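# Summary of structural features
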Amino acid sequence: MATIRKRGDRQWEARIRRKGWPVQCQTFETRARAEGWGRQTEADMDRGSFVPTALSDRTTLGEALERYASEITSAKKGAVQEQSRIEQWRRHSFATRVMSSIRGHDVATYRDARLKTVSPSTVRLELALLSHVFTIARKEWGFGGL
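In this report, we go over the structure that sits alongside the text. (Residues numbered from 1 in each chain as written. Predicted model: local features only at pLDDT ≥ 70, side-chain atom pairs only at ≥ 80, totals over all residues. Heavy atoms only, no water.)

## Quick notes on the packing of aromatic side chains
Two aromatic rings are characterised by how far apart their centres lie and by the angle between their planes. Here is the rule: Note on aromatic pairs: the rings of Phe, Tyr and Trp (six-membered ring only in Trp) are paired at centre separations within 6.5 Å, and the planes decide the class, stacked below 30 degrees, edge-to-face beyond 60, tilted for the rest.
Tallying each qualifying case throughout the model produces four aromatic pairs. Ring geometry for Phe28 against Trp37: centres 5.8 Å apart, planes inclined by 45 degrees, an arrangement best described as tilted. Members of the aromatic cluster, each reached through a chain of ring pairs, are Trp89, Phe94 and Tyr110.

As structure tokens, this is what we get:
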């Protein structure tokens, strides 16, 4: 069973230690969410379908974009245009963050700010690229938890 402990005023940490699996630890805003994550993760471990998230916890978006550019973009017809979109993301502060820490509200904030300077079509293409990077990372590169 997951161990739940309080961290500060508004955080709860769930920790799972199981033989044959790496220690899993995640922080949540409520105790109920921490307990739910613990139950779900342990059930996945029992079924053998659990994928540790360690890779997404130590790979930055910039590193993933670099890998995406070399493995995926290079084979595309519009590689030059997509490479400029990759460079745009790499210049953003997101590039220094680990992939598992990027949330939907972060992307929405980026979108809103970017819409003030470029056309909606440009923003749409940039967001589509980011979405595909996360999809490839999860499905092909084995990044669990994204």
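## So, the pattern of salt bridges
Here is the rule: Salt bridge, as used here: a side-chain nitrogen of Lys or Arg that lies within 4 Å of a carboxyl oxygen of Asp or Glu. Only protein chains enter the calculation, and the probe is 1.4 Å; a residue is then buried if its accessible area is under 20% of its type maximum, exposed if over 50%, and partly exposed in between. Every helix listed is a DSSP run of H or I at least four residues long, and every strand listed is a run of E at least two residues long, numbered separately from the N terminus.
Considering all chains together, one arrives at 13 salt bridges under this definition. Here Arg7 and Glu13 are joined by a salt bridge, their closest N and O atoms 3.9 Å apart. A relative accessible area of 33% places Arg7 in the partly exposed class. Between Glu35 and Arg31 there is a salt bridge whose closest N-O contact spans 2.9 Å. With Glu35 and Arg31 both in helix H1 (residues 31–47) and four residues apart, this pair spans about one turn of that helix.

## A short note on the side chain of Glu82
Quick note on the threshold: Under the rule applied, a polar contact is a pair of N or O atoms within 3.5 Å (in protein, one hydrogen donor and one hydrogen acceptor; residues adjacent in sequence only if both atoms are side-chain atoms). In what follows, residue pairs with any heavy atoms lying within 4.5 Å of each other are defined as contacts.
With respect to the helices and strands, Glu82 occurs in helix H4 (residues 79–91). Overall, the relative accessible area of 8% leaves Glu82 in the buried class. Only 3.0 Å separates the side chain of Glu82 from the side chain of Lys76, close enough to count as a polar contact. Beyond its immediate sequence surroundings of up to four residues, Glu82 is in contact with Tyr68, Thr73, Lys76 and Leu129.

## Structural notes on the sheet that holds strand S3 (residues 24–28)
Our working definition: DSSP bridges decide pairing: two strands pair if at least two such bridges lie between them. Axes here mean lines fitted to C-alpha atoms, for a helix over just the part in contact, with angles spanning 0 to 180 degrees between N-to-C directions.
The strand order S1-S2-S3 describes an open sheet built from three strands, whose pairing is antiparallel. The sheet terminates laterally at strand S1 (3–7) and S3, the two strands that pair on one side only. Each strand of the sheet is rotated relative to its neighbour by a mean of 20 degrees, with strand direction disregarded. With five bridges connecting them, strand S2 (residues 11–16) and S3 associate as antiparallel partners. Among the inter-strand pairings, Trp12 is bridged to a residue of S3, identified as Phe28.

## Some words on the pairing of S1
Looking at chain direction, S1 and S2 are connected through five bridges and run antiparallel. Paired with Lys6 across the bridge in S2 is Trp12. In sequence, S1 turns back onto S2 through a hairpin of three residues, with Gly8 there showing a positive phi of about 75 degrees.

## A look at the environment of Phe143
By secondary structure assignment, the location of Phe143 is in the segment after helix H6 (120–139). Considered as a pair, Phe143 and Thr59 are 84 residues apart in the sequence and their alpha carbons are 9.3 Å apart. For Phe143, the residues in contact, after removing those within four places along its chain, are Leu55, Ser56, Thr59, Met99, Ala137 and Arg138.

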